[in-house]
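# Per-entry structural report
In case you want the letters, here they are:
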Amino acid sequence: MRPSLAIALLAPALLAPSTSAAWCRTTTITQSDPARCVEAGATLYWPVGCLSMSLDTSDAPPGMSAATLRGMLSGALNAWGATRCDGQPLGIRLSTGPDTTRGAEYVEAGENVNALVFVRDWRATGLASSALAVTTVTFGASTGVIRDADLRVNLSFPLTSSDAVAGNDLPTILLHEVGHVLGLDHSGERSAVMWFSAGRGERRRVLQPDDLAGACAAHPPTLQRPCAVEPAGGGCECATRGGAGEGGGGLWGAAVLSWVALRRRRRGAGGAASV
């Protein structure tokens, strides 16, 4: 059984702040206090030098076209991808991939697609009803190597991309969740996009110094990781192939990162745990 773990960004009324060392890397151990970094476990990381995410077109928020959603996803990826580390580019390239209808899944022996999925029947996912969005990251339980990342958004909540319309700001949600995809945990820095809490209508559309520092720590320019070009040309092949297990052990974990108003979750060898 694949391990699993979950984490989420919470509404202000649900969680009180505490002191922290600001940005945090995600590890194979659940972050029990979203304002403090986990000091144990293997740090999660991508074994490739590029990463793409695809829009699942099976469903969408009311009034938002596929083109609009694709643009917002691209905007979140581009914002993180434009990070400069001491004047050098981030050590991973980010791009949007072809649309998909595969949903949020991990294929152990095949190609995987990192997908943005909008979910209408949220109860069927078994995730917390207070979660606005959840990013599930599948990783090697002992090594922390990331194999797949899927971002699910809860359509039970009103979503908006306009300053003039009340609701939960989708560009903010996507920017935060892509940070989780990159391997960042919640931050204890209140100004950061990766801060664990956000209220309805709150907008955090610009990455802060704390966010950028975390991205550079996770993907420094000096990294030399493979990045295959797609056979059809253009972009990079960022889908990772699943495996039967790690070192013959067959254990994979899954980190689920979300917003609750923001919640996050991971799958682990002994079942699932939510905080």
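Residues numbered from 1 in each chain as written. Predicted model: local features only at pLDDT ≥ 70, side-chain atom pairs only at ≥ 80, totals over all residues. Heavy atoms only, no water.

## Overview of helix H2 (residues 170-181)
Three- or four-residue spacings in an α-helix give side chains the same orientation, since the helix completes a turn every 3.6 residues. Note the threshold: Secondary structure counts use DSSP, requiring at least four H or I residues in a row for a helix and at least two E residues in a row for a strand, with both numbered from the N terminus. A helix is expected to span 1.5 Å for every residue after the first. Only protein chains enter the calculation, and the probe is 1.4 Å; a residue is then buried if its accessible area is under 20% of its type maximum, exposed if over 50%, and partly exposed in between.
With twelve residues, H2 extends 16 Å between its outermost C-alpha atoms, agreeing within 8% with the 16 Å of an ideal straight helix rising 1.5 Å per residue. Of all twelve residues in H2, twelve are buried; the element is thus mostly enclosed. What H2 keeps buried is the set Leu170, Pro171, Thr172, Ile173, Leu174, Leu175, His176, Glu177, Val178, Gly179, His180 and Val181. Gly183 lies just past H2 and shows a positive phi near 105 degrees.

## Quick notes on the nonpolar core
Applied cut-off: What makes a nonpolar core is a set of buried Ala, Val, Leu, Ile, Met, Phe, Trp, Tyr and Cys residues whose side-chain atoms join them at distances within 4.5 Å. Any two residues having at least one pair of non-hydrogen atoms within 4.5 Å are treated as being in contact.
In terms of nonpolar packing, the biggest core is built from 44 residues, with Trp46, Trp80, Leu116, Phe118, Val153, Leu170 and Leu174 touching the most fellow members. Counting residues per element, the ones that place at least two in this core are strand S2 (50-55), helix H1 (66-81), strand S6 (115-119), strand S7 (131-140), strand S8 (146-154), H2 and helix H3 (209-218). In contact with Leu174, not counting residues within four places along its chain, are Met72, Leu73, Ala76, Leu116, Leu151 and Val153. Core analysis: the next-biggest nonpolar cluster, separate from the first, contains seven residues, Val117, Val119, Ala131 and Val134 among them.

## Some words on the pattern of salt bridges
The criterion, for reference: Salt bridges are counted wherever a side-chain nitrogen of Lys or Arg sits within 4 Å of a carboxyl oxygen of Asp or Glu.
Tallying each qualifying case throughout the model produces nine salt bridges. Salt-bridge contacts for Arg70 lead to Asp99; the nearest nitrogen and oxygen are separated by 2.7 Å. Highlighted residues: Arg70 in helix H1 and Asp99 in the loop between strand S5 (93-96) and S6, separated in sequence by 29 residues. For Arg70, a relative accessible area of 30% translates into the label partly exposed. A single salt-bridge network, built from bridges that share partners, covers Asp163, Asp169, Arg203 and Arg205.

## Points about the state of the cysteines
Note the following rule: A pair of cysteine sulfur atoms is labelled a disulfide when the two atoms are within 2.5 Å.
Here the structure, examined in full by the defined rule, presents two disulfides. The disulfide partner of Cys24 is Cys37, and the gap between their sulfur atoms is 1.9 Å. For the disulfide bridge between Cys24 and Cys37, the dihedral angle about the S-S bond is near -85 degrees, and by the sign convention the bridge is left-handed. You can see Cys24 sitting in the loop between strand S1 (4-9) and S2 and its partner Cys37 sitting in the loop between S1 and S2, a full 13 residues away along the chain. The side chain of Cys85 participates in a disulfide bridge whose partner is Cys216; the two sulfur atoms lie 2.1 Å from each other. With the S-S bond torsion at -90 degrees, the cross-link from Cys85 to Cys216 turns out left-handed.

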